Amino acid sequence: MRTSAGPRAFLLTFTLLCTLLGLGCPLSCEVCKGPGPTCNGKMKTCEDGKDACVVVVGESSTKGRQSVNTYKACMKFKDCYSGFVSTTVGPKDYMVSNAYCCQSDGCNQGSIPSPQNNRTENGLQCPACIAPFQETCPGTQAARCVGQETHCIYFAGNVQAGIINTKFATRGCATESACYTKAESEVPSASYLYFLHRADCLPAPQPPGRAE
Ligand SMILES: *[C@@H]1O[C@H](CO)[C@@H](O)[C@H](O)[C@H]1NC(C)=O
């Protein structure tokens, strides 16, 4: 450790004081992003309004290229979903993730289990499309839902990938947990940060010939 005791002692006193006095103490979280099922980074003080720490581990396939990534940061607790989310746009384009949100200093340090990736088709289908740089997409293709994906999503907004921020729109299958995502929220995936303007989520239509 290269840090001197001074700032740490100050931080501790400050944290203790604002806890005792019941002030709105800023939270601090581990912040990092990188390949693999965990990552390590520095502790940072969260900006105003971000009252939770999050860790997300995601496995994604883009045109058949698979990768596992981890993301740790501060975020708004009300936008933070703890648990498993799976989305599928096509057989080679999908993402599964596991996330954990918490509200004490450094609580997102360490690692969480990688998400399960059940690619078994479940008979449901959703309109599907991916449109980078667009605000809408037609959904003329059909995605075959897998595992626990019982809902159809239509997400659109902006995506931040490194220093690039661009519009995007996508439709496909998702687990019901994806419905937790609300429009006008900031949503981390393991590799990108999304700002959603549109977050529609509906039960997938029953396939024909499967009458109740
Ligand atoms: C995978 O998904 C299929 C289709 O929904 C389901 O029948 C199966 O039980 C799942 N397997 C596991 C291990 O969850």
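Residues numbered from 1 in each chain as written. Predicted model: local features only at pLDDT ≥ 70, side-chain atom pairs only at ≥ 80, totals over all residues. Heavy atoms only, no water.

Test applied: UniProt positions are given in the numbering used here, feature names are shortened, and annotations may be inferred rather than shown by experiment.
The name that an unreviewed UniProt entry assigns to the chain is Phospholipase A2 inhibitor and LY6/PLAUR domain containing, with the source organism given as Loxodonta africana. The UniProt entry for the chain carries the following text under Subcellular location (unreviewed entry): "Secreted".

### Concerning the packing of aromatic side chains
Put simply, the rule is: Under the pairing criterion, centres of Phe, Tyr and Trp rings, with the six-membered ring standing for Trp, must be within 6.5 Å; the plane angle then separates stacked pairs below 30 degrees from edge-to-face pairs above 60, leaving the rest tilted. Working rule: Lys NZ or Arg CZ, within 6 Å of ring centre, within 35 degrees of ring normal, means a charge sits over the ring.
Evaluation of the coordinates by the stated rule reveals three aromatic pairs. Pairing Tyr192 with Tyr194 gives two aromatic rings, centres 6.3 Å apart and planes at 75°, and the pair type is edge-to-face. Three or more aromatic residues joined by ring pairs make a cluster, and in this case those are Phe168, Tyr192 and Tyr194. The side chain of Lys182 reaches across the aromatic face of Tyr180, ending 5.6 Å from its centre. Stacked on the ring of Tyr154, the Lys or Arg Arg198 has its end atom at 3.7 Å from the ring centre.

### Digging into the nonpolar core
Stated precisely, the cut-off is as follows: To form a nonpolar core, buried Ala, Val, Leu, Ile, Met, Phe, Trp, Tyr and Cys residues must be joined to one another through side-chain atoms within 4.5 Å. Note on exposure labels: buried denotes an accessible area under 20% of the residue type's maximum, exposed denotes more than 50%, and partly exposed covers the range between, all computed with a 1.4 Å probe on protein chains only. Every helix listed is a DSSP run of H or I at least four residues long, and every strand listed is a run of E at least two residues long, numbered separately from the N terminus. The criterion used for residue contact is that any of the two residues' heavy atoms lie within 4.5 Å.
In this structure, Val85, Ile153, Phe155, Val159, Phe168, Ala174, Ala178, Tyr194, Leu196, Ala199 and Cys201 together form the largest nonpolar core, which totals eleven residues. Element by element, the count of residues in this core is highest for strand E12 (residues 193-203), at four residues. In this view, Tyr194 contacts Asn158, Val159, Phe168, Ser185, Glu186, Val187 and Ser189; residues no more than four positions away in its chain are not counted.

### A few points about the environment of Asp79
We count it as follows: Whenever a nitrogen or oxygen atom comes within 3.5 Å of another N or O atom, the pair is scored as a polar contact, on the condition that within protein one atom can donate a hydrogen and the other can accept it, and that pairs from neighbouring residues in sequence are kept only if both atoms are in side chains.
Mapped onto the secondary structure, Asp79 falls in the loop between strand E4 (65-75) and strand E5 (83-90). Between the C-alpha atoms of Asp79 and Lys182, which are 103 residues apart in sequence, the distance is 7.5 Å. Apart from residues no more than four positions distant in its own chain, Asp79 is found in contact with Tyr180, Ser185 and Glu186. Reaching out from Asp79, the side chain makes a polar contact with the side chain of Lys78 at a distance of 3.4 Å.

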